[in-house]
Amino acid sequence: MNEPVTEWTRTQGAFAELLSGVRRRLRVRRVTEGVAVFLGLALLVALCGILFMDAARFDPQAVSRVRWGVYALCAALLVVILPHRLFGRMPDITLARYLEQRIPGLDALLLTASEISAAANPGLGGPGDTSPVLAQRLLQNAVDAGTGPHGVADLERFALRRATLILVLIAAIALLLVSVGPEKLRHGARLLMLPAAESVAANPYSIAVAPGDVAVLQGADQRIEATVAGFDPDTVILVSRG
């Protein structure tokens with residue numbers, strides 16, 4: 001193999017590595033954005049479910065329906081949002097066009113380099129039989145433009161930082177609501193996160209009656225105390241059974 005073709009092969013590898021690095025950072029940024037979107041929508045779905053359970057006073061049947069509905073919606077959101085961001089691969093030509101749009105002043109340099117790099121090796125009878133020296137020079141210029149100051153290496157840094165900040169903010173809001181939110185919100189979140197939890201356990205809406213089951217002598221008086229939690233009743237009805 002002559003020296004021009006060897007140099008071409010080396011430069012072609014450097015250009016491919018440049019595009020691979022950009023594609024990798026782009027995937028990380030898109031996945032981070034997808035996780036942030038999923039977490040935000042899942043939080044919204046969970047809040048709606050908790051409000052529905054609260055309206056039903058955490059009835060066991062309502063809790064069961066809400067659980068399945070929230071789980072199904074979150075699974076659907078996960079399938080719609082993440083797979084294509086995680087496994088999708090942008091072709092070199094499309095990636096070069098994306099970079100040309102984001103970085104002014106390239107003047108189709110990366111796009112032309114991608115087209116030449118995708119063709120057969122220059123000087124070996126490929127389409128157009130491009131000069132190896134000319135092709136190598138063009139690819140080297142594309143690599144220099146991509147690795148220089150304000151090149152493609154720094155393109156996704158700000159966007160990734162912004163997506164990470166949004167993700168952390170949404171996670172902090174969710175953690176704050178679960179840890180120090182209203183009792184009914186924390187109870188609903190526990191019911192959603194722990195499928196085995198019973199809806200009657202630590203229900204924020206409850207009436208505690210004391211002394212409970214006791215034996216009362218005929219004609220004797222018995223003091224009964226009822227303590228309500230989570231709501232203020234307008235009326236109290238006492239029912240006795242002989």
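Conventions used here
- Residues numbered from 1 in each chain as written.
- Predicted model: local features only at pLDDT ≥ 70, side-chain atom pairs only at ≥ 80, totals over all residues.
- Heavy atoms only, no water.
- Helix = DSSP H or I, 4+ residues; strand = E, 2+ residues; numbered from the N terminus.
- Buried < 20%, exposed > 50% of the residue type's maximum accessible area, 1.4 Å probe, protein only.
- Contact = heavy atoms within 4.5 Å.
- Areas by Shrake-Rupley, 256 points an atom, 1.4 Å probe, with all protein chains shown as cover.
- Core = buried A, V, L, I, M, F, W, Y, C linked by side-chain atoms within 4.5 Å.
- Patch = residues over 30% accessible without salt bridge, like charges linked within 9 Å, V, L, I, M, F, W, Y side chains within 5 Å.
- Salt bridge = Lys/Arg side-chain N within 4 Å of Asp/Glu carboxyl O.
- Axes fitted to C-alpha atoms, helices over the stretch in contact; angles between N-to-C directions.
- Parallel < 35°, antiparallel > 145°, perpendicular 65-115°, else oblique.
- Nonpolar A, V, L, I, M, F, W, Y, C, P; charged D, E, K, R; others polar.
- pLDDT = per-residue confidence, 0-100.

Let's shift gears to the overall build of the protein chain. Along the protein chain, the regular secondary structure elements total 8 helices and 2 strands. Helices and strands appear in the protein chain in the N-to-C order α-α-α-α-α-α-α-α-β-β. Counting over 242 residues, the protein chain shows a buried share of 33%. Contacts in the protein chain between residues at least 24 apart in sequence constitute 67% of all its contacts with a sequence separation of at least 6. Here the protein chain has roughly 15600 Å² of accessible surface; of this, 63% comes from carbon and sulfur atoms.

What follows deals with the nonpolar core. In terms of nonpolar packing, the biggest core is built from 22 residues, with F15, L95, Y98, L99, L110 and A113 touching the most fellow members. If one sorts the elements of this core by residue count, helix α1 (residues 3-55) sits on top with 6 residues. Ignoring anything within four residues of it in the chain, the contact list for A113 reads F15, L138, L139 and A142. Grouped together as the second largest cluster of nonpolar side chains are 18 residues, F38, A46, I50 and A189 included.

The next point concerns a nonpolar patch on the surface. Residues I207, V209, I224, V228 and L238 make up a contiguous nonpolar surface patch of roughly 500 Å² in combined accessible area. Of note, I224 is situated in the loop between β1 (206-210) and β2 (225-229).

Close approach of charged atoms allows side chains with opposite charge to pair. In the structure shown here, the tally under the stated rule is 4 salt bridges. Here D92 and R23 are joined by a salt bridge, their closest N and O atoms 2.4 Å apart. Within this pair, whereas D92 is found in helix α4 (residues 92-102), its partner R23 is found in helix α1, the two being separated by 69 residues in sequence. According to the relative accessible area criterion, D92 is partly exposed, its value standing at 33%.

On to unusual backbone geometry. A positive phi angle is found at R57, which is not glycine, with a value near 55°. Relative to the assigned elements, R57 resides in the loop between α1 and α2 (60-81). A relative accessible area of 48% means that R57 is categorised as partly exposed.

Turning our eyes to something else, we now look at the environment of D54. Topologically, D54 is positioned in helix α1. Note: C-alpha distance between D54 and G188 (134 residues apart in sequence) is 7.7 Å.

A separate point is the packing of α4 against helix α5 (residues 109-118). Look at α4 against α5: their axes get within 8 Å of each other, and the N-to-C directions meet at 170°. Relative to α5, the element α4 lies roughly antiparallel. The residues of α5 that touch α4, namely those facing D92, I93, A96, R97, L99 and E100, are L109, L110, L111, S114 and E115. For the contact of α4 with α5, the residue count by class is 6 nonpolar, 1 polar and 4 charged.

Attention now goes to the confidence of the model for the protein chain. With 82% of its residues at a pLDDT of at least 70, the protein chain reaches an overall mean of 80. With pLDDT under 50 throughout, residues 124-128 is counted as low confidence; its partners more than four residues away or in other chains account for 4 contacts.

This part covers the environment of G146. With respect to the helices and strands, the residue G146 is situated in helix α6 (residues 132-147). Sequence separation between G146 and L110 is 36 residues, and the spatial gap between their C-alpha atoms is 8.5 Å.

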